[in-house]
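Structural overview for review
Letter by letter, the chains look like this.
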Amino acid sequence: MVGCQATPSNSGVTKITLWQGVNPPPNRDVLQTLVDRFNREHSDIQVESLYVGQAEQQLPKILAAVVGNAPPDLLWFNATLTGQLVELDAIRPLDDLLQTSPVKDEIDPSLFATMEYQGHTWSVPFGVNNVGVFYRPSLFQAAGITQLPQTWEELRQVARQLTIDKDGDKRIDQHGMFLPLGKGEFSVFLWLPFLWSGGGELASNNPQQPANVNVADDKGAIASLRLWRDLVDDGSVVLSLPERGFEIDAFLAGKVAMQLTGPWTLGQFQTTGIDFGVFPIPKGDRQATAIGGENLFVFKSTPERERAALKFAEYVVSEGFQTDWAIGTGYLPVNMKARESQKYQDFIKKQPAVEVFLAQAKYGRSRPIFPGYSRLSENLGRALEAVLLGKSTPTEALQAAQRRLDLIFQNSD
């Protein structure tokens, strides 16, 4: 870990490290190209971008690095980690950067909720996305489906129609839908749009206070878990391998007709040449999706390295970076000028799926950023897994989750 800590070199060049978990691999190539551009344009700063695994793999490394006083200079991670990093006194607030930077007014205003905690700004947005349903139009056409599902009931019906034994051997060759199995944050993130769509809330009174979390009696949580279990009981679903809900092989091979994912997979889909489309998360009580993406945190270090890290953070939010990052990966630009640029508008014309995510963004909800979010996510994940595997009913699973959360959050007060 200590070897990762950046130090100013004798040549007058400040070397800093960026830890990231960018996936899929083609998106990491896009990031490296943009980091190389920054390094060329700033002869006095050199950023080294290091892939340190997916969120569940990153977290223990980050916390160990903080405790061992050898953190990276910059961290790419979702904003839910904010409260924990603030509690650890590991990151510096970015109020001063935003006060003096012209890019502040260019950031999508809806993203400030992911940046601010207890009266300070702790991160800047790196890329934003939300969850939708990707589908294979050719499979819909072959099954005689002409209308995309707009409600939960229609989703169930369409999933059943798309579940087919093609060769008559009494084994299903094509399932309607692929759902993520696992207790990890990725599975929870893909399920949350359904909780919110069903009228549910994670923390109704004050989203920055974990003590307000009550999932045991939450109608949206119960209804959305029941929907996912119904899809399994219908025989319409293939569950992913544990913690592999991001894999798209079955979708690419035409073995499943629908999959929950986001615009970060657009680049990958484009290179395969398969037919695909996207539709918004079907509605329960209301339209909803989960806002995802990652923010950029600056760790406390030396004034020199912090200045270099702030310079890179400003670059990340800029119109030029955001336009190229969005076109290369499918993420939505966090910079409004980038979103309105001719270059990006031309990209949307070629890739209409992006429009679905842009239009759906107004219904997006952000996850809480209080210190205990990882414990909340872990317990929601356990409930989700228990229901999908048929080990528990939605109500039982959520009551068990709430009992554990009450112990955790009451003891932490």
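As a reminder, the structure under discussion sits directly above these lines.
Figured I'd write up the structure that's included with this text. Note that the coordinates shown come from a computational prediction; the quantities given were computed from them, not determined experimentally.

Some words on the pattern of salt bridges
Across all of its chains, the model carries 22 salt bridges by this definition. A salt bridge links R367 to E185; the shortest N-O distance between them is 2.4 Å. In this pair, R367 sits in the loop between β13 (364-365) and α17 (373-388) while E185 sits in helix α8 (residues 185-197), placing the two residues 182 residues apart along the sequence. Across the pair, E185 and R367 agree in class, each one buried. Ionic pairing is found between R365 and E201, a salt bridge with its closest N-O pair at 2.5 Å. Taken together, the positions of R365 in strand β13 and E201 in the loop between α8 and α9 (219-233) put the pair 164 residues apart, joining distant regions of the chain.

Some remarks on the side chain of S49
Positionally, S49 belongs in strand β2 (residues 45-51). Among the residues examined, S49 registers a relative accessible area of 15% and is labelled buried. Only 3.1 Å separates the side chain of S49 from the side chain of Q20, close enough to count as a polar contact. Those residues within four positions of S49 in sequence are excluded, and the remaining contacts are L18, Q20, L31, Q32 and V35.

Remarks on the pairing of strand β6 (residues 124-130)
Counting buried positions along β6 yields seven of seven residues, so the element is predominantly enclosed. As paired strands, β6 and strand β12 (residues 289-298) are joined by six bridges and run antiparallel to one another. By the bridge assignment for β12, V124 is matched with L296.

Side note on the packing of aromatic side chains
Taken as a whole and assessed by the stated rule, the structure comprises 22 aromatic pairs. Three or more aromatic residues link up through ring pairs in this structure, and these residues are F38, F126, F312, Y315, F321, W325 and Y331. The lysine or arginine in question, R28, covers the ring of Y51, its NZ or CZ lying 3.7 Å from the ring centre. When the ring centre of F251 is taken as origin, the NZ or CZ atom of R136, which lies over that ring, is 5.9 Å away.

Brief notes about the sheet that holds strand β10 (residues 256-261)
Taking strand neighbours across the sheet as the criterion, the five strands line up as β9-β8-β10-β7-β11 in an open arrangement whose pairing is mixed. Pairing within the sheet leaves two strands with one partner each, and these edge strands are β9 (237-239) and β11 (277-279). With strand direction ignored, the average angle separating the axes of adjacent strands in the sheet is 30°. Two strands pair when backbone bridges link them, and strand β8 (residues 175-179) and β10 are joined in this way by three bridges, in the parallel orientation. Of the residues in β10, the one forming a bridge with M177 is M258.

Remarks on the nonpolar core
W191, M258, L260 and F312 are the most contacted members of the largest nonpolar core, which has 113 residues in total. Ranked by size, the runner-up nonpolar core spans 18 residues in total, among them V66, L81, V86 and F297.

Describing the environment of T121
Within the secondary structure, T121 sits in strand β5 (residues 120-121). Measuring from C-alpha to C-alpha, the distance between T121 and L98 comes to 8.6 Å, with 23 residues separating the pair along the chain. In this view, T121 contacts P93, L94, D95, L98, M115 and E116; residues no more than four positions away in its chain are not counted.

Focus on helix α7 (residues 152-161)
Where α7 is concerned, the buried positions are W152, L155, R156, V158 and A159. Contacts made by the buried residues of α7 are with α6 (137-142), β8, α8, α9, β10 and β11.

So, the packing of helix α15 (residues 342-350) against helix α16 (residues 353-360)
Packed helices, taken two at a time, are described by the angle their axes make and the gap between the axes. For the pair α15 and α16, interaxial distance at closest approach is 6 Å and the crossing angle is 115°. Relative to α16, α15 is oriented roughly perpendicular. Residues Y344, F347 and I348 of α15 lie in contact with α16, whose contacting residues are V354, E355 and L358. Residues belonging to the contact of α15 with α16 are distributed by class as follows: five nonpolar, no polar and one charged.

A short note on α9
The end-to-end C-alpha separation of α9 is 21 Å, in line with the 21 Å expected for 15 residues at 1.5 Å each. Here α9 has its buried residues at G220, A221, I222, S224, L225, L227, W228, R229, L231 and V232. Its side-chain oxygen at 3.0 Å from the backbone nitrogen of G220, D218 defines the N-terminal cap of α9. Just beyond α9, the residue with positive phi is G235, at close to 80°.

Procedures and definitions
- Residues numbered from 1 in each chain as written.
- Predicted model: local features only at pLDDT ≥ 70, side-chain atom pairs only at ≥ 80, totals over all residues.
- Heavy atoms only, no water.
- Salt bridge = Lys/Arg side-chain N within 4 Å of Asp/Glu carboxyl O.
- Helix = DSSP H or I, 4+ residues; strand = E, 2+ residues; numbered from the N terminus.
- Buried < 20%, exposed > 50% of the residue type's maximum accessible area, 1.4 Å probe, protein only.
- Polar contact = N/O pair within 3.5 Å; in protein donor to acceptor, adjacent residues only side chain to side chain.
- Contact = heavy atoms within 4.5 Å.
- Pairing = 2+ DSSP bridges.
- Phe/Tyr/Trp six-rings, centres within 6.5 Å; stacked < 30°, edge-to-face > 60°.
- Lys NZ or Arg CZ within 6 Å of the ring centre and 35° of its normal.
- Axes fitted to C-alpha atoms, helices over the stretch in contact; angles between N-to-C directions.
- Core = buried A, V, L, I, M, F, W, Y, C linked by side-chain atoms within 4.5 Å.
- Parallel < 35°, antiparallel > 145°, perpendicular 65-115°, else oblique.
- Nonpolar A, V, L, I, M, F, W, Y, C, P; charged D, E, K, R; others polar.
- Expected span 1.5 Å × (residues − 1).

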